[in-house]
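# Coordinates in review
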Amino acid sequence: MKKYIIRFLVAILAFFIGTATIYFFAWDKIKTLNPYRATHSAENNSPYSVLEGATVRIEHYNATFEIPESWISYKPLSIEPPKNLYLNWQDLNELNELDFNNGFSDEDDAQVMRSVVSFENCAAHVGSMSWGNPNTGDLQARIFVVDLNSQDITERIKNQGLSKAQNVFKSARLSSENYGTWGKQKLSVLKTGSHTLLTKDIDFYYRSFGNKTVVFVFVHQSGWDETIKEILDSFKWRN
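Residue indices follow the written sequence of each chain, beginning from 1 at its first position. Restriction of local features to residues with pLDDT of at least 70 applies here, the model being predicted, together with a cutoff of 80 or more for giving and counting side-chain atom pairs; totals for whole chains, interfaces and linings are based on all residues. Excluding hydrogens and water, the side-chain figures rest on all heavy atoms present in the structure.

### With respect to the sheet that holds strand S3 (residues 63-66)
The strand order S1-S2-S3-S11 describes an open sheet built from 4 strands, whose pairing is antiparallel. The open sheet has two edge strands, strand S1 (49-52) and strand S11 (236-237), and neither has a second partner. DSSP-based pairing: two strands are paired if at least 2 bridges between them are found. Helix and strand assignments follow DSSP, with helices taken as H or I runs no shorter than four residues and strands as E runs no shorter than two, numbered in order from the N terminus. With 4 bridges connecting them, S1 and strand S2 (residues 55-58) associate as antiparallel partners. What sits directly across from leucine 51, in S2, is valine 56.

### Side note on unusual backbone geometry
Unusually for a residue other than glycine, asparagine 45 sits at a positive phi of about 55 degrees. With respect to the helices and strands, the residue asparagine 45 is situated in the loop between helix H1 (2-33) and S1. Three exposure classes are used, based on accessible area relative to the maximum for each residue type with a 1.4 Å probe and protein chains only: buried under 20%, partly exposed in between, and exposed over 50%. Assessed through its relative accessible area of 55%, asparagine 45 is described here as exposed. Residue histidine 60 is not a glycine yet carries a positive backbone phi of 80 degrees. Mapped onto the secondary structure, histidine 60 falls in the loop between S2 and S3. Judged by relative accessible area, which is 40%, histidine 60 ranks as partly exposed.

### Things to note about the sheet that holds strand S10 (residues 212-220)
Hydrogen bonds between backbone groups are what pair the strands of a sheet, and the pairing can be parallel or antiparallel. Strand order in this open sheet of 7 strands is S4-S5-S6-S10-S9-S8-S7, and the pairing throughout is antiparallel. On the outer flanks of this sheet lie strand S4 (85-86) and strand S7 (171-179), each paired with one strand and no other. Where strand S6 (residues 140-146) meets S10, 7 bridges bridge the pair, whose relative direction is antiparallel. Of the residues in S10, the one forming a bridge with glutamine 140 is valine 219.

### Notes on the environment of valine 116
Mapped onto the elements of the fold, valine 116 is located in helix H4 (residues 106-116). The buried category is assigned to valine 116, whose relative accessible area is 1%. As a C-alpha pair, valine 116 and asparagine 159 span 43 residues in sequence and 8.7 Å in three-dimensional space. Leaving out residues up to four positions away in the same chain, valine 116 has contacts with Arg156, Ile157, Gly161 and Phe204. Residue contacts follow a heavy-atom distance rule, with two residues in contact if any of their heavy atoms lie within 4.5 Å.

### Topic: the packing of aromatic side chains
Centre distance within 6.5 Å is the pairing criterion for rings of Phe, Tyr and Trp, where only the six-membered ring of Trp is used; planes under 30 degrees apart are then read as stacked, over 60 as edge-to-face, and the remainder as tilted. Per the counting criterion, the structure on display carries 11 aromatic pairs. Consider the rings of tyrosine 61 and tryptophan 237, whose centres lie 5.4 Å apart with planes at 25 degrees: the pair is stacked. Within this pair, whereas tyrosine 61 is found in the loop between S2 and S3, its partner tryptophan 237 is found in strand S11, the two being separated by 176 residues in sequence. For tyrosine 61, a relative accessible area of 12% corresponds to the buried category. Judged by centre distance (5.7 Å) and plane angle (85 degrees), the rings of tyrosine 205 and phenylalanine 218 are edge-to-face. Here tyrosine 205, found in strand S9 (residues 196-209), pairs with phenylalanine 218, found in strand S10; they are 13 residues apart in sequence, far enough to count as distant. The class for tyrosine 205 is buried, based on a relative accessible area of 7%. Members of the aromatic cluster, connected to one another through ring pairs, are Tyr61, Phe65, Tyr179, Trp182, Tyr205, Phe209, Phe216, Phe218, Phe235 and Trp237. In this arrangement the basic side chain of arginine 142 is found over the ring face of tryptophan 131, its NZ or CZ atom lying 5.1 Å from the centre. Criterion for a charge above a ring: Lys NZ or Arg CZ within 6 Å of the ring centre, and within 35 degrees of the ring normal.

Don't take any of this as a statement about function, it's just geometry.
Here it is as structure tokens:
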């Protein structure tokens, strides 16, 4: 009898060990598939930013740029998500979820950005209004620091970026130019719906500093050119 009890206990133990092993392997796979998972943390040595007055400082790189004062004092409307500035790790992990679940057209913009540069390299997101707001006249800016060079970024925009834009929008066309020392690729997109006819630009500005490349992505309609230039002209890389 004692022998059977021991066998029974061994079988139970083996069952729980096997179940736990399957669970952990499955959970690892689920984390890979889940776009909402935390991507920014100390363990991942993730980039993040801090606000010092009107200056956004990208930590790890001691890089800075200026944003308009009105963006700092902006109070989101009740129908908007609660933030227009996403800087620290918690903010950026909230932004990661919002990219897939905000209910507005910003989800399409996020897909295009993510097809070019990994969200894990996102160091900041700032805007004149909250990301995910229903207004189409705002300016949104997302900043990445990546290990790719400028030519890599150009090719990824021309291939993955344009393909994704053509997939999620009614139409998309790409044009290339430079702004000073910044390379620029502009995706001009058209979005249509039952009550929607919207044109806007998704602008990629990028510049290499040693073995890193800084990528600014601006999403906007017309009227924001001066603000974009002021942000880019204010950028300083001190790493």
